[in-house]
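# Structural characterization, general
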Amino acid sequence: MILIKNCKYYSNQKFINGDILIDRDIIIDVGNINEDCGKVIDGEGKIVIPGLIDIHMHGAIGYNVMDASIDDLNKIANFLAHQGTTSFLPTTITSRDKDLIKTLQNIKNASNPNIIGVHIEGPYINKQNKGCHDENLIKNPEIKMIAIARKEVNNLHLHYTIAPELPNAIDFIKEVIKNGGTVSLGHSNATMDEALQAISVGANIFTHLFNAMRPLHHREPGIIGAALKSNEFVEVICDGIHVHPDIINLVYKIKGKEKIVLVTDAMQACGLGDGTYNFGGFKVIVKEGIARKEDGTLASSTLTIFKALKNAMKFLNIPLEEAIDMATINPAKALGIDNEYGSIDINKKADLIMLDNNFNIDKIINKGKLI
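The rules we used
- Residues numbered from 1 in each chain as written.
- Predicted model: local features only at pLDDT ≥ 70, side-chain atom pairs only at ≥ 80, totals over all residues.
- Heavy atoms only, no water.
- Helix = DSSP H or I, 4+ residues; strand = E, 2+ residues; numbered from the N terminus.
- 1 Å grid on protein atoms, 1.4 Å probe; cavity = no way out; pocket = protein on both sides within 12 Å on 5 of 7 lines; lining within 4 Å.
- Points joined across faces, edges and corners; volume = space filled by probe spheres on them.
- Nonpolar A, V, L, I, M, F, W, Y, C, P; charged D, E, K, R; others polar.
- Phe/Tyr/Trp six-rings, centres within 6.5 Å; stacked < 30°, edge-to-face > 60°.
- Buried < 20%, exposed > 50% of the residue type's maximum accessible area, 1.4 Å probe, protein only.
- Lys NZ or Arg CZ within 6 Å of the ring centre and 35° of its normal.
- Pairing = 2+ DSSP bridges.
- Axes fitted to C-alpha atoms, helices over the stretch in contact; angles between N-to-C directions.
- Contact = heavy atoms within 4.5 Å.

## Thoughts on unusual backbone geometry
- Between Gly-122 and Pro-123 the backbone carries a cis peptide bond, its omega angle lying at 15°.
- In this fold, Pro-123 is placed in the loop between strand E10 (117–121) and helix H3 (144–153).
- For Asn-154, which is not a glycine, the phi torsion comes out positive at approximately 55°.

## Concerning the layout of surface pockets
- Estimates place the volume of the largest pocket at around 250 Å³.
- Along the walls of the largest pocket sit 16 residues, with Asn-12, Asp-325, Ile-329, Lys-333 and Ser-343 positioned nearest its centre.
- Broken down by secondary-structure element, the contributors of at least two residues to the lining of the largest pocket are strand E1 (2–11) and helix H10 (329–335).
- At three residues, the largest contribution of residues to the lining of the largest pocket is made by H10.

## Topic: empty space enclosed by the protein
- Tallying each qualifying case throughout the model produces five cavities of 30 Å³ or more.
- Taken together, Pro-50, Gly-51, Ile-53, Thr-86, Ser-87, Tyr-341, Gly-342, Ser-343, Lys-349 and Asp-351 form the lining of the largest cavity.
- Residue classes in the lining of the largest cavity are distributed as three nonpolar, five polar and two charged.
- In this structure, the second largest cavity occupies an estimated 50 Å³ of space.
- Lining the second largest cavity are Ile-4, Ile-41, Val-48, Leu-352, Ile-353, Met-354, Lys-363, Ile-364, Ile-365 and Leu-370.
- Among the elements of the structure, strand E19 (352–355) and strand E20 (361–366) are those that each provide at least two residues to the lining of the second largest cavity.

## Comments concerning the packing of aromatic side chains
- Summed over the entire model, instances satisfying the criterion amount to three aromatic pairs.
- Ring geometry for Tyr-10 versus Phe-15: centroids 5.7 Å apart, planes at 65°, classification edge-to-face.
- Take Tyr-10: its relative accessible area is 4%, and that puts it in the buried class.
- Look at Phe-15 and you get partly exposed, because its relative accessible area is 26%.
- By way of ring pairs, the aromatic residues Tyr-124, Tyr-160 and Phe-172 are connected into one cluster.
- The cationic tip of Lys-259 hangs over the ring face of Phe-233; the distance from NZ or CZ to the ring centre is 4.4 Å.
- Cation over ring: Lys-293 sits above Phe-282, and NZ or CZ is 4.0 Å from the ring centre.

## Focus: the sheet that holds strand E16 (residues 275–279)
- Taken in spatial order, the three strands of this open sheet run E16-E17-E18, and their pairing is antiparallel. Of all strands in the sheet, those bounded by a partner on one side alone are E16 and strand E18 (290–293). Mean inter-strand twist for the sheet, computed between neighbouring axes without regard to direction, equals 35°.
- One ladder, built from five bridges, connects E16 with strand E17 (residues 282–287); its direction is antiparallel. By the bridge assignment for E17, Phe-279 is matched with Phe-282.

## A short note on the environment of Asp-362
- Positionally, Asp-362 belongs in strand E20.
- Along the primary structure Asp-362 and Val-48 are separated by 314 residues, whereas in three dimensions their C-alpha atoms are 9.7 Å apart.
- The residues contacting Asp-362, other than those within four sequence positions of it, are Lys-46, Met-354, Leu-355 and Asp-356.

## Considering the pairing of E1
- By the criterion of burial, E1 is predominantly enclosed, with seven of the ten residues buried.
- In this structure, E1 lies alongside strand E2 (residues 14–23), joined through eight bridges in antiparallel fashion. By the bridge assignment for E2, Ile-4 is matched with Ile-20.
- Between E1 and E2, which pair antiparallel and follow one another directly, the connecting turn spans two residues, one of which, Asn-12, has a positive phi of 50°.
- Note: E1 against strand E5 (residues 47–50), two bridges, orientation parallel. Across the sheet, residue Lys-8 finds its bridge partner in E5, namely Ile-47.

If you want it as structure tokens, here you go:
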């Protein structure tokens, strides 16, 4: 067991002076604890927040999820854990079915406790809003692929991005929900009514809001209008590049801290820096941390969730306790796994980040292990 004494842990949108007791990979008690255990960590009055969750990331430290080996995926997971991201969804990109299946097999066989599911982004998206996806491989939803994907990943959570206006999209969404998965709406030219219909059958989040979507218009609000009107979650890439800080402020005023999910959409340059990479079959040039295709199209990011969290505090001019949920319990709720992840509570996963007085990472406990 591990006992963290004398810390300020985050709970219910405030910091509480107390202790945290961990047994294996589970939090078994919080509060004022006086119990003998194997290891005691003096929190020295420092802040402790839940481990961060990224539900949309394509790679890091030179490895791309689509062609990463089992060893590569574990290296990505280890890198992310040291950046405070203790749970994540490796995210695919539009590809051939055989390549997707191979990627799903590798993700499953990595058997990494920080990999809590898979985000399948494409090929069921709109060619008009393809972003950095290969137009030649985009197609309409195929319901048969849901069972195939489920078989390949075993008990990992399945999360899809889909354009709701495509043929078969509504039936596809229903089937995903029926089988315990979740659906995000994105890479879409949907009208507002089409997006709201998808919500009515179970879609509950929007993929990287504003990016690769029909623009907001005052006579046809489109998918963005549906995102802002609805009570569903919205992904935000909080780097100040994909979405202007003032627009992030506007989203915050409309959706509140309860419905924003910070994501990175990171690609393999994350953790490496500027250079030339291959992503989604395209040449991607990273300059000053910004990743673009040769035609100037944004191609994912080089963010970490911890950096996104700090950016949210800066852009929105809010304290840490106002921003934490966007990177912890909100993504967990969006996936329906908040009974295990996303907060410092009894019976939750022991994923914790201790911060110093400058809000930099001091210590990380990942699934009960001090790393």
